[in-house]
Amino acid sequence: MTITEAPHATRRLSTSMAMVEAISQEMERDPSVFYMGEDVGKYGGIFGSTTGLLDKFGPERIIDTPISETAFIGLGTGAAVEGMRPIVEVMFTDFMGVCLDQIYNHMAKIHFESGGNVKVPMVLTMAAGGGYSDGAQHSQCLWGTFAHLPGMKVVVPSNPADAKGLMTSAIRDDNPVVYIFHKGIMGLAWMAKNRRAIDEVPDGEYTVPIGEARVAREGGDVTLVTLSLSVHHALDVAEKLAPEGIDVEVLDLRSLVPLDREAILASVGKTGRLVVVDEDYLSFGVSGEVVATVTDQDPGMLRVPVQRVAVPDVPIPYAHDLEYAVLPRHDRIEQAIRTATSR
Amino acid sequence: MTITEAPHATRRLSTSMAMVEAISQEMERDPSVFYMGEDVGKYGGIFGSTTGLLDKFGPERIIDTPISETAFIGLGTGAAVEGMRPIVEVMFTDFMGVCLDQIYNHMAKIHFESGGNVKVPMVLTMAAGGGYSDGAQHSQCLWGTFAHLPGMKVVVPSNPADAKGLMTSAIRDDNPVVYIFHKGIMGLAWMAKNRRAIDEVPDGEYTVPIGEARVAREGGDVTLVTLSLSVHHALDVAEKLAPEGIDVEVLDLRSLVPLDREAILASVGKTGRLVVVDEDYLSFGVSGEVVATVTDQDPGMLRVPVQRVAVPDVPIPYAHDLEYAVLPRHDRIEQAIRTATSR
Amino acid sequence: MTTEAASSASIPQQARGRAAPLDPAVRVKLYETMALSRAFEEAILSEYHADKGPGFDIGKGLIPGEMHLSAGQEPVAAGFCAHLTADDAVTATHRPHHFAIAHGVDLRKMAAEIYGRETGLGRGRGGHMHLFDPETHFSCSGIIAEGYPPALGQAFAFMRRGTDRIAVAVTGEGAANQGGFHESLNLAALWKLPVVFVVEDNDWGISVPRTASTSISSNADRAAAYGIPGERVENDVEAVYDAAGRAVARARAGQGPSLIEVHTLRLWGHFEGDAQGYRPELSEVSEHDPIPRYEQLLRNDGLLDDEKVAEIKRLVDTAVGDAIDFAKSSPVPDPTSATSHVFA
Amino acid sequence: MTTEAASSASIPQQARGRAAPLDPAVRVKLYETMALSRAFEEAILSEYHADKGPGFDIGKGLIPGEMHLSAGQEPVAAGFCAHLTADDAVTATHRPHHFAIAHGVDLRKMAAEIYGRETGLGRGRGGHMHLFDPETHFSCSGIIAEGYPPALGQAFAFMRRGTDRIAVAVTGEGAANQGGFHESLNLAALWKLPVVFVVEDNDWGISVPRTASTSISSNADRAAAYGIPGERVENDVEAVYDAAGRAVARARAGQGPSLIEVHTLRLWGHFEGDAQGYRPELSEVSEHDPIPRYEQLLRNDGLLDDEKVAEIKRLVDTAVGDAIDFAKSSPVPDPTSATSHVFA
Ligand SMILES: Cc1ncc(C[n+]2csc(CCOP(=O)(O)OP(=O)(O)O)c2C)c(N)n1
Ligand SMILES: Cc1ncc(C[n+]2csc(CCOP(=O)(O)OP(=O)(O)O)c2C)c(N)n1
Ligand SMILES: [Mg+2]
Ligand SMILES: [Mg+2]
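The text that follows walks through the structure, step by step, so that each part is easy to find. Since we're looking at a predicted model, the values are computed, not measured.

## As for the overall build of chain A
Along the backbone of chain A there are 12 helices and 14 strands. Relative to its length of 343 residues, chain A is compact, with a C-alpha radius of gyration of 19 Å against a globular reference of 20 Å. When its C-alpha atoms are laid out on the principal axes, chain A stretches across 60 × 45 × 45 Å. Taking all 343 residues of chain A together, the buried fraction comes to 76%. Across chain A, the fraction of contacts at a sequence separation of at least 24, relative to all contacts at a separation of at least 6, is 82%. Of the charged side chains in chain A, 29 are positive and 46 negative, and the gap between their average positions amounts to 4 Å.

In structure tokens:
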């Protein structure tokens, strides 16, 4: 667990600009890196993941693909096996269903099946999440699904600096890394932004180690474990409740695989109260694993029932009011914190 | 939670024969039921899921398909939308990666997206599990993945009677039901069997309600929550430890969606000790959800750390000794029970 | 709403390679269907952008979320659905409105769904990419090419019941490079399912031109890979009507599936908010609008005149206005019901 | 191990439609490759069944698990790999041994992997469906058709580095109806990747005959759907060699992929333990064994005689015996290392 302090000079960038900066710097550093996916060229990525990169690196390294996820993810895997460092984009996590085999049975397992003799240094980027009425097939997070399947690291940045640092680390990692960015953190001009979507980002080479959670806010009364966009909702609520004397510690997991269990245990050991906020589906996912991390060690650490705020096992509804009723938004998070700290 | 007592006369059948009997009875009862998949015709299903059905119902209702899971699962969904009751087989859960979109974004979501106006009464059967050195792409359980994604029920029988009763209920259910049978429970002639793979099965129409766990063994010292093949390993160990005065309650979940949370709470409330045994991957899966079921209610129910016995987030190795080192077998289960009851 | 007045003798048949002249009533109906579809899309277009500001926030307004409109592709839907009844199934894509309208989905319930209202086709759960209408066996999916497989099942059920009902499955040219496309065509051909596969080739998959996604110039040539007929026609509603007629008749006769690609036109952006910076000759796109062209043809053939055109415009505007009024005056779903309808 | 002795004048060229006679050395080498592959499969066959009893328990014995043997399909591997070097990549299927052997994968390491030993290609983690050899860029997958996409990436890397190295991607005819097959061919054709796609049509996908899985009679006809050359040849190693030569040359020259289907023979069951009750004329299958047939041809052409055949048999048996001895005498992996090698 680390509390990241910026190592050197910074500027304010949006999360998408910070992510692009990391990709650009690594592509300059290493000619074996290339970026491939749908609409990553002239369009610059539907969610701004490659803005400006085509002009800088040309169509040989910023490559538009057909709508053939199985083929081009497999292409990335094969290129990685031969020593290249592909970054492959699946436009939405929701589309994993047409290509999961290449992801979980190939990209993620080849290293193990080869007894460690073959490496697959590849980054698989995906946009995730809802909140803008895109319906049940374009609003899912699904990071719990990727984290459940062995052989791939899973990173989930929540802010510009981590987006840059984790992307740099992911590209340099010798393992497959699934890099999931929530659309709501990117700071896109055409989508509602939280105020932290544009923030200080270190200049130059900047890495954030994969597998280390970040204490986004220190507090002593209750531990709120969360990730990605929900970090911001959690911080908003924490700030709102502070004047009432409710002191919330917000832990930003930053990566699910590896999971920083020490960070979870350290914080819950301090507060004795646990709230987990996850925009993925409630059951059989992230929230249960966070809880089990504690009970594997000592259930006695938990002084009150755990509050899990997640999507209640329902497809994401289209209508705004229905969607916001199932998303883990401020109202539900506040209620959970109040309940956890009420006794 | 129910303790199933056989309603009427029984005979001893293997799990595969019991499953086939349910399918056969429902096909006689309802002409809209048909069974479709790879090698389900003359071959009778690689794991005996359709033995004898082709002779009885002919190729119009027992249908061999090309190796096109996306197409034929979608075909099943479309036929269900039009009022038929398809049973569609995916030969191994491991193959979900080539067809998950039809499963989780279509079969499972159409009812919700239609606001309840369209029904998808379909059963999706899959063989799961390892233990016979079939390697990393043919030995997975993955039921935690299906259970995480909303809109489909997930049943996981462990014995012949439940295999029949749950299949009958699944076929009659107006929702998509994923029916996952572990190869090791089927009582196949060519695979190692546990002695309960052939057991008493009620005659005639027999249903087991979906969503009700079964107390496979009553006990007062520790609650062992498990499912499918692991139920038998758990019972073996429980019987072994009984003479030492360690009294294990074994809870067979039988279905993951809906999850019988009351049954879990009732048993843990009684014993105060919890062991979860799951042949799926450890993290972000079934074991965490079982634990969270308790901590959502009252962490104080847990007097000692929870013991989770599952596949430790590693692809299933081929070599026998390596595979048995990662599977939740007797040795690891016994160790977990001893640890949970040691203080 | 059709006229017998004019003879169609003046129609240059060869031009559309038809033996017998097309019934004037059919021709006017094709025009009306396209006009209704376009009126709906234009209304949604302005309604969608009406309250997205300041700036453009995709999540804001009475119609939030992605919006893929079908302007320019009306000939495809009108030409195919003219051969269908409400007993036939249609599975459409993320760009479904023209097919829904041409197939006769209730305009009010459809509009209400797009506005996310309780009176909508999906009680506001689905949205514009997830329109399900049991009454006309219409559905769509937002996942590329994945609308094809369910159509096979509907056709399978129709066939098993001994009816001559069929399913029409639609994708775009970009989707024709997705695995589900291939699996569906092989299985339908193998089992002689009563399906008609339609590929709407509008030259673009978002920002990726067909030349950068597809290794051959016509998906009709892919039909041979399954031993079924394949045909490619231009964005002329009567050419589509003729090709569709052949494919539908073949399916109804139990002779199996066909693949028809229509080289159509994406008149607007991929979705609303798409600046189309990637698209050359953007300014000239509107010149290829198929509706004014067809209107002119019917005027030349004496089937339409100013009065008739105005009357049709009145009628479609009224229908669309009524649907949108219905939607906007309908109740929004009760948030406490958000978790209902997961299971039957 | 080849002879220049005999002239090949007596070869009925027309029969194999070749202009120039095939080099005798190549012909004998093709035979030797097939003989080695067959010897290996026969040895694994008996080793596999040696300790599965009483009865047959698939999980028992020194070689547990599913076992898909390639007997009868040797001409495909021998014919293709004769054109490759260790710098070229091969991605095979769940039935990979013949391609691994023909491509020059170390026989000892391969046998050791099949026996699940620490000295195996995958330290016993992979097994017979998961053979990975970085030295010869060989790999395989147990998921139908999913071995194709990674081959594209290997070819992509070779092309980007300006080499003339290529990738050969193999599936069965059953796999040709899987989505990944379609996506891979389109993408490889679109980007002119140096890949040769091989379909081993052994008439069966487990118990499902090609006629019940595939809507057309030859997958070579599917090449046109991607604008690439397609060819179908019979199970004659020289016919395969010729077709492979054309496709490999084309790929090395930067002209893009080809698709070649070989109508081959599954001499044994789908996997060991398969009684093949579904298979008609089971008794006559062995008559079509391609190896004795080719041996006879080379005898007729004076390239083989009893002595030469015996010598080859000795050599391949020795090599196979040595590999199996190595495997059986190698240490089994330490169970405490079961969780290692998940991450690099
Ligand atoms: C499997 C999958 N991949 C990617 C997308 C994202 N996407 C939505 S529409 C679209 C372009 C589709 O092009 P085409 O099939 O030609 O249809 P059009 O939009 O031109 O009507 C893409 C890539 C998706 N919805 N599903
Ligand atoms: C996606 C997927 N579906 C099903 C299977 C199960 N399976 C293994 S081999 C096989 C038959 C393959 O037939 P073919 O491609 O002709 O290869 P062959 O076995 O004849 O060499 C099947 C269905 C699988 N491994 N992967
Ligand atoms: Mg298009
Ligand atoms: Mg085959």
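## Things to note about the site of ligand 1
Close contacts around ligand 1 come from 21 residues, with A:E69, C:H94, C:G142, C:N202 and C:W204 the closest. Taken together, the residues near ligand 1 originate from chains A and C. The separation between a nitrogen atom of ligand 1 and a polar main-chain atom of C:G142 is 2.8 Å. Notes on ligand 1: free accessible area 580 Å², of which the protein chains cover 98%. The residue inventory of the shell around ligand 1, partitioned by class, reads 9 nonpolar, 8 polar and 4 charged.

## Re the side chain of A:K109
By secondary structure assignment, the location of A:K109 is in the loop between α4 (100–107) and α5 (110–113). Salt bridges are absent for the buried A:K109, whose nearest opposite-charge side chain, B:D94, sits at 5.5 Å. Side-chain polar atoms of A:K109 contact the backbone oxygen of B:A136, separated by 3.1 Å. A polar atom in the side chain of A:K109 sits 2.6 Å from the side chain of B:Q140.

## Observations regarding the relation of the copies chain A and chain B
Note on the identical chains: chain A maps onto chain B by a rotation of 180° and an axial translation of 0.0 Å, with an RMSD of 0.0 Å. When the rotation and shift are considered jointly, the pair of chain copies conforms to a two-fold rotation axis. Identified as the residue of chain A closest to the rotation axis by C-alpha distance is A:G288, at 2.2 Å. A share of 100% of the interface residues of chain A reappears at the interface of chain B, consistent with the copies meeting face to face through the same patch.

## Brief notes about the coordination of the magnesium ion (ligand 4)
Residue and element names in this part refer to chain D. Coordination of the magnesium ion (ligand 4) by the protein involves E173 (OE), N202 (OD1) and W204 (O), with metal-donor separations of 2.1 to 2.2 Å. Each donor residue of the magnesium ion (ligand 4) lies on one chain, and together they are spaced E-x28-N-x1-W. Within this pair, whereas E173 is found in the loop between β3 (167–172) and α7 (179–190), its partner N202 is found in the loop between β4 (195–201) and β5 (204–205), the two being separated by 29 residues in sequence. This pair shows no difference in class: E173 is buried, exactly as N202 is.

## Here's the deal with the packing of helix α6 (residues 148–160) of chain C against helix α7 (residues 179–190) of chain C
Residue and element names in this part refer to chain C. At a minimum axis distance of 9 Å, the contact between α6 and α7 shows a crossing angle of 20°. In terms of orientation, α6 and α7 fall into the roughly parallel class. Considering how the two elements wind past one another, α6 and α7 form a crossing that is left-handed. Where α6 abuts α7, its residues Y148, P149 and L152 lie against F181, S184, L185, L187 and A188. The residue inventory of the contact of α6 with α7, partitioned by class, reads 7 nonpolar, 1 polar and no charged.

## A few points about the pattern of salt bridges
In a structure, side chains of opposite charge can pair up when their charged atoms sit close to one another. Under the criterion given, the structure shown has 97 salt bridges over all chains. Residues B:R172 and B:E26 are paired through a salt bridge, measuring 2.8 Å at the closest nitrogen-oxygen approach. In this pair, B:R172 sits in helix α7 (residues 160–172) while B:E26 sits in helix α1 (residues 15–29), placing the two residues 146 residues apart along the sequence. Taking the relative accessible area as the measure of exposure, B:R172 reaches 29% and is therefore partly exposed. Judged by relative accessible area, B:E26 falls into the buried class, the value being 2%. D:R252 is paired through a salt bridge with D:D88; the nearest N and O atoms lie 2.6 Å apart. Of the two residues, D:R252 is situated in helix α8 (residues 237–252) and D:D88 in the loop between α3 (74–81) and β1 (89–92); the sequence distance between them amounts to 164 residues. Owing to a relative accessible area of 25%, D:R252 belongs among the partly exposed residues under this scheme. By relative accessible area, which is 0% here, D:D88 ends up buried.

## Describing the site of ligand 2
What surrounds ligand 2 is a group of 21 residues, the closest being B:E69, D:H94, D:G142, D:N202 and D:W204. What surrounds ligand 2 is not a single chain but chains B and D. At 2.9 Å from an oxygen atom of ligand 2 is found a side-chain nitrogen or oxygen belonging to D:R95. Between ligand 2 and the protein, one listed contact pairs an oxygen atom with a side-chain N or O atom of D:N202 at 2.8 Å. In isolation ligand 2 has 580 Å² of accessible area, and contact with the protein removes 98% of it. Each residue belonging to the shell around ligand 2 can be placed in one class, and the counts come to 9 nonpolar, 8 polar and 4 charged.

## Observations regarding helix α8 (residues 230–241) of chain A
Residue and element names in this part refer to chain A. For α8, spanning 12 residues, the distance from its first C-alpha to its last is 16 Å, which sits close to the expected 16 Å at 1.5 Å a residue. Within α8, 9 of the 12 residues are buried, which leaves it mostly tucked inside the rest of the structure. Close packing links the buried residues of α8 with β9 (214–217), β10 (222–226), β11 (248–252), β13 (274–281) and α12 (330–341).

## Focus on the coordination of the magnesium ion (ligand 3)
Residues and elements named next belong to chain C. Only E173 (OE), N202 (OD1) and W204 (O) from the protein reach the magnesium ion (ligand 3) as donors, at distances of 2.1 to 2.2 Å. In the primary sequence, the donor residues of the magnesium ion (ligand 3) line up as E-x28-N-x1-W. Judged by relative accessible area, N202 falls into the buried class, the value being 6%. Look at W204 and you get buried, because its relative accessible area is 14%.

Rules used in this analysis
Going along each chain's sequence as written, the residues are numbered from 1 onward. All chains are assigned letters beginning with A, and all ligands numbers beginning with 1, in the order in which they are written. Owing to the predicted nature of the model, reporting of local features is limited to residues with pLDDT of at least 70; listing and counting of side-chain atom pairs is limited to 80 or more, with chain, interface and lining totals taken over all residues. With hydrogens and water set aside, each side-chain value is computed from the structure's full complement of heavy atoms. Helix and strand definitions here come from DSSP, where helices need a minimum of 4 consecutive H or I residues and strands a minimum of 2 consecutive E residues; each element is numbered from the N-terminal end. When we talk radius of gyration, it's over C-alpha atoms, and the globule rule is simply 2.2 Å times the number of residues to the 0.38. Exposed residues in this analysis have more than 50% of their type's maximum accessible area, buried residues have under 20%, and partly exposed residues fall in between, with area computed by a 1.4 Å probe over protein chains only. The contact definition used throughout considers only heavy atoms, calling two residues in contact when any of these lie within 4.5 Å. The charge count treats Lys and Arg as positive and Asp and Glu as negative. His and the chain ends do not count. Charge placement uses NZ in Lys and CZ in Arg. For Asp and Glu, CG and CD serve respectively. Proximity is defined per residue: any heavy atom of the residue falling within 4 Å of a molecule or strand makes that residue near it. Polar contact is the term for a pair of N or O atoms within 3.5 Å; when the atoms are in protein, one must be able to donate a hydrogen and the other to accept it, and sequence-neighboring residues count only if both atoms are side-chain atoms. Here the open area of atoms and residues is found with the Shrake-Rupley method and a 1.4 Å probe, where only the protein chains shown may cover a residue. Note that Gly is not counted as nonpolar here; it falls among the polar residues with everything else outside the nonpolar set of Ala, Val, Leu, Ile, Met, Phe, Trp, Tyr, Cys and Pro and the charged set of Asp, Glu, Lys and Arg. Counted as salt bridges are all cases of a side-chain nitrogen of Lys or Arg within 4 Å of a carboxyl oxygen of Asp or Glu. A least-squares superposition brings the copies together, and it is based on the C-alpha atoms of residues with pLDDT no lower than 70 in both. Keep in mind that water is not among the atoms, so a site may look incomplete; donors are the N, O and S atoms within 2.8 Å of the metal, or 3.2 Å for Na, K and Ca. Lines fitted to the C-alpha atoms define the axes, with helices restricted to the stretch that makes contact. Angles between their N-to-C directions range from 0 to 180 degrees. Geometric relationships in this document are graded by angle, where less than 35 degrees denotes roughly parallel, more than 145 denotes roughly antiparallel, 65 to 115 denotes roughly perpendicular, and other angles denote oblique. By convention the crossing between two helices is left-handed if the near helix lies anticlockwise of the far one by an angle smaller than a right angle, and right-handed if it lies clockwise. Helix span, as expected, comes to 1.5 Å for every residue beyond the first.

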